Amino acid sequence: EAGVVQSPRYKIIEKKQPVAFWCNPISGHNTLYWYLQNLGQGPELLIRYENEEAVDDSQLPKDRFSAERLKGVDSTLKIQPAELGDSAVYLCASSPRNTGELFFGEGSRLTVL
Amino acid sequence: SQQGEEDPQALSIQEGENATMNCSYKTSINNLQWYRQNSGRGLVHLILIRSNEREKHSGRLRVTLDTSKKSSSLLITASRAADTASYFCATDPQGGSEKLVFGKGTKLTVNP
């Protein structure tokens with residue numbers, strides 16, 4: 001069974017440029033999460049989807065961040081414009097309903113210069 | 001905000017020794033989970049313990065949960081160099097938010 005797939009793995013951009021990250025969750029997993037992980041810290045939730053509905057986006061900085069999950073499968077996280085402080089790893093995770101366990105992708109490491 | 005706090009922040013041991021990591025949290029929980037993260041990789045789920053459980057085993061891993069003290073411990077027995085990683089506890093707070101809250105992690109180094 002394929003795991004959670006994220007791309008790109010690494011991205012270097014200059015500040016004020018846009019960037020987008022893509023996530024393909026494990027087949028059949030209804031719940032999808034985007035987490036932000038700063039260096040030396042644990043992951044912090046940005047947004048959680050149940051199918052195509054964003055059920056928790058309270059931690060998403062909506063002035064520059066946006067996300068979508070079309071057809072309840074793949075998801076895209078966008079930052080526009082990027083700031084220096086956005087340099088971090090963006091992790092996507094999925095879970096089957098009601099199991100509690102999260103399956104993470106390898107992450108997308110963003111560096112903003 | 002991060003509910004769980006792991007202790008110690010870093011731990012260095014020799015191969016074959018046991019490693020113990022602790023996690024304290026603030027609010028009542030439905031369950032507590034432990035994850036491992038190798039450098040530059042994603043997190044991997046290790047074990048989940050529910051609030052009505054006190055101890056759980058999985059291979060060389062033993063997790064305990066004390067809800068009265070709001071704390072958990074992860075014990076890795078007979079450690080191997082391959083166990084070198086960061087270990088995170090994550091809590092599922094009661095209240096229906098269904099949002100896992102991760103701690104800052106313990107960085108474990110197992111020296112061969």
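What counts, and at which threshold
- Position numbers for residues start from 1 in each chain and track the written sequence from start to end.
- Both sets of labels track the order of writing: A upward for chains, 1 upward for ligands.
- Only residues with pLDDT of at least 70 are given local features in this predicted model, and only at 80 or more are side-chain atom pairs given and counted; all residues enter the totals for whole chains, interfaces and linings.
- Note: side-chain values were computed over all heavy atoms of the structure, leaving out hydrogens and water.
- Any two strands with at least two DSSP-identified bridges between them are counted as paired.
- Helix and strand assignments follow DSSP, with helices taken as H or I runs no shorter than four residues and strands as E runs no shorter than two, numbered in order from the N terminus.
- Convention adopted: a line fitted to C-alpha atoms gives each axis, helices being fitted over their contacting stretch, and angles between N-to-C directions are expressed from 0 to 180 degrees.
- In this description, a disulfide is simply a cysteine sulfur pair whose atoms lie within 2.5 Å.
- A residue's pLDDT is the predictor's confidence in that residue, given on a scale from 0 to 100.
- When the centres of two rings from Phe, Tyr and Trp lie within 6.5 Å, Trp using its six-membered ring, the rings pair. Their planes under 30 degrees apart give stacked, over 60 give edge-to-face, and anything left gives tilted.
- Think of it in three bands: residues with accessible area under 20% of the maximum for their type are buried, residues over 50% are exposed, and the middle band is partly exposed, with areas taken using a 1.4 Å probe on protein chains only.

1. Considerations on the sheet that holds strand β1 (residues 5–7) of chain A
Residue and element names in this part refer to chain A. If you trace the four strands from one edge of the open sheet to the other, you get β1-β3-β8-β7, paired in antiparallel fashion. The open sheet terminates on both sides in strands that have one partner only, identified here as β1 and β7 (65–68). The sheet shows a mean angle of 15° between the axes of neighbouring strands, direction not considered. Examined bridge by bridge, strand β3 (residues 19–24) and strand β8 (residues 75–79) share five bridges and lie antiparallel to one another. By the bridge assignment for β8, Ala20 is matched with Lys78.

2. Considering the state of the cysteines
All names here are of chain A. The final tally for this structure, using the stated rule, is two disulfides over all chains. At a sulfur-sulfur separation of 1.9 Å, the disulfide partner of Cys23 is Cys92. Given an S-S torsion of about -70°, the disulfide between Cys23 and Cys92 has left-handed geometry. In this pair, Cys23 is assigned in strand β3 and Cys92 in strand β9 (residues 88–95), connecting sequence segments 69 residues apart.

3. A few points about the confidence of the model for chain B
Chain-level statistics for chain B give a pLDDT mean of 93 and a share of 95% at 70 or above. No element of chain B has a lower mean pLDDT than strand β1 (residues 5–7) of chain B, which averages 84, and none a higher one than strand β7 (residues 61–66) of chain B, which averages 98.

4. Some remarks on the packing of aromatic side chains
Under the counting rule described, the total for this entry stands at eight aromatic pairs over all chains. A centroid spacing of 6.0 Å and a plane angle of 75° characterise the contact between Phe104(A) and Phe102(B), whose relative ring orientation is edge-to-face. Of this pair, Phe104(A) sits in strand β10 (residues 103–104) while Phe102(B) sits in strand β10 (residues 101–102), placing the two residues on different chains. Across the pair, exposure class does not vary: Phe104(A) and Phe102(B) are buried alike.

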